[in-house]
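# What the coordinates show
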Amino acid sequence: IITFSYDDVANSRQNPFPGKLFNKPTEEGTPGVDVYEGCKIDYSGRDVTPENFLAALKGDSSKASGKVLKSGAEDRVFINFADHGAPGLIAFPHSELHADDLIDALKYMNENKMYNELVFYLEACESGSMFEDKLPEDIKIYATTAANAHESSWGTYCPPSSKVDGKNLNTCLGDLYSVNWMEDADLANTTESLDDQFQKVKAETSKSHVMEYGELDFDSQKADSFWGKVAAPAFRYSKVDPSIKSSSAVDSRDVGLTTFYSQYLTSDPRDLKNRRKLAEKLIAEIEFRQWSDELFSKIAEKVMMSNNGMLSDALYGHRKPVSFQCHKAAIKQYKSVCGELTDYSLKHVRVLVNLCEITKDTESVTNGIKEVCQA
């Protein structure tokens, strides 16, 4: 097992349960299951990078700062990834991994006989874009994603349904797709196949379209033959109305806003100093979102003005990510002159992808970003 985790939550000062993590609510008087306990993290903090992730997958210890995969031709490999995303990329804490580089790594694993069968579960917005028309169907890889190529994934057990033993964590405890497959795995059904689980998770993930890609010939294999037998301690505390998962769901792009709003709303009205700080955080988030919306609109206007294209196509279209050299250059330019991408502004990477695919002109896109952000 190789674990990547930025690891900034369990011991955060905002965590009402120091040193613990929970991904399911419980009623007051019922302790939750601490999913942090016993978790051995191999890559944390600044080591959680695309470079280390790809090196770990390819078994390249010369490029990785920690443990790498040492699997062979007879092994089954299971990969679970959960973070933010955008068309053609998945996000790491301080950088991004683009679909072409991920697919190249998976092809390398196949060519170098690093697995017999590989299963990849991917939780991220627009996660389908990482595999759609990219993942070969003949290299023994089966992948499922939380969303299709142009929609958000969703958080679940969000406020006000984020209470553990009576304490409100004021944030989403999990992602709808991930919670659904993990809670299903916790049932320890040893006869369930990959396809059985896919169909169940697809039906229960009501806010986005769960997708499958790659080679579907081995989806009849037993699901737990990839991640191992589950002791299922969480199942003992499963007395939660299943409908709460959907009713408490929040678009992943809005989880930050939901968190700040809940923190403010549930704060002690007598503590005016703390309440002011929480109000400022909430207002700052709203103002940033508005700034981000307007900025990407201006970038699209600037680039399309010099390319005689339809502005609405750039702003609202869903072009398939293909021109990765342009995508990478555009994001590098944005981060250089405009600022870091956040869980919210990642939604607008779609605009940059559209501009690249419409214009097929990397220089025009990067110049437009620079002109707008340095104006």
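Provided above is the structure to which this section pertains.
A brief structural summary.

Quick notes on the rules
- Residues numbered from 1 in each chain as written.
- Predicted model: local features only at pLDDT ≥ 70, side-chain atom pairs only at ≥ 80, totals over all residues.
- Heavy atoms only, no water.
- Buried < 20%, exposed > 50% of the residue type's maximum accessible area, 1.4 Å probe, protein only.
- Helix = DSSP H or I, 4+ residues; strand = E, 2+ residues; numbered from the N terminus.
- Pairing = 2+ DSSP bridges.
- Core = buried A, V, L, I, M, F, W, Y, C linked by side-chain atoms within 4.5 Å.
- Disulfide = S-S within 2.5 Å.

### Side note on the pairing of strand β6 (residues 141-145)
- With five of five residues buried, β6 is to be regarded as a mostly interior element.
- On β6, burial covers both faces: I141, A143 and T145 on one face and Y142 and T144 on the other are all buried.
- Pairing of strand β5 (residues 117-123) with β6, which is carried by five bridges, proceeds in the parallel orientation. Pairing of L122 across the sheet is with T145, part of β6.
- Two elements, β6 and strand β11 (residues 211-214), share four bridges in a ladder whose sense is antiparallel. Paired with Y142 across the strands is G214, a residue of β11.

### Considerations on the nonpolar core
- Formed by 35 residues in total, the largest nonpolar core has its most connected members in F53, L102, L106, L118, F120, F131 and L135.
- For this core, the secondary structure elements donating two or more residues are α1 (50-58), β1 (76-82), α2 (99-111), β5 and β6.
- The element best represented in this core is α2, accounting for six residues.
- Grouped together as the second largest cluster of nonpolar side chains are 28 residues, L89, F296, I299 and M304 included.

### Some thoughts on the state of the cysteines
- Applying the stated criterion across every chain yields a total of three disulfides.
- The residue that forms a disulfide with C158 is C172, at a sulfur-sulfur distance of 2.0 Å. The chirality of the disulfide connecting C158 with C172 is right-handed, given an S-S dihedral of about 110°. Taken as a pair, C158 in the loop between β7 (154-156) and β8 (163-164) and C172 in the loop between β9 (167-168) and β10 (174-175) lie far apart in primary sequence, 14 residues in all.
- Accessibility expressed as a relative area gives 0% for C158, which makes it buried.
- The disulfide partner of C338 is C373, and the S-S distance across this bridge is 1.8 Å. Disulfide C338-C373: the torsion about the S-S bond is 95°, which places it as right-handed. Of this pair, C338 sits in the loop between α10 (324-337) and α11 (349-359) while C373 is found in helix α12 (residues 362-373), placing the two residues 35 residues apart along the sequence.

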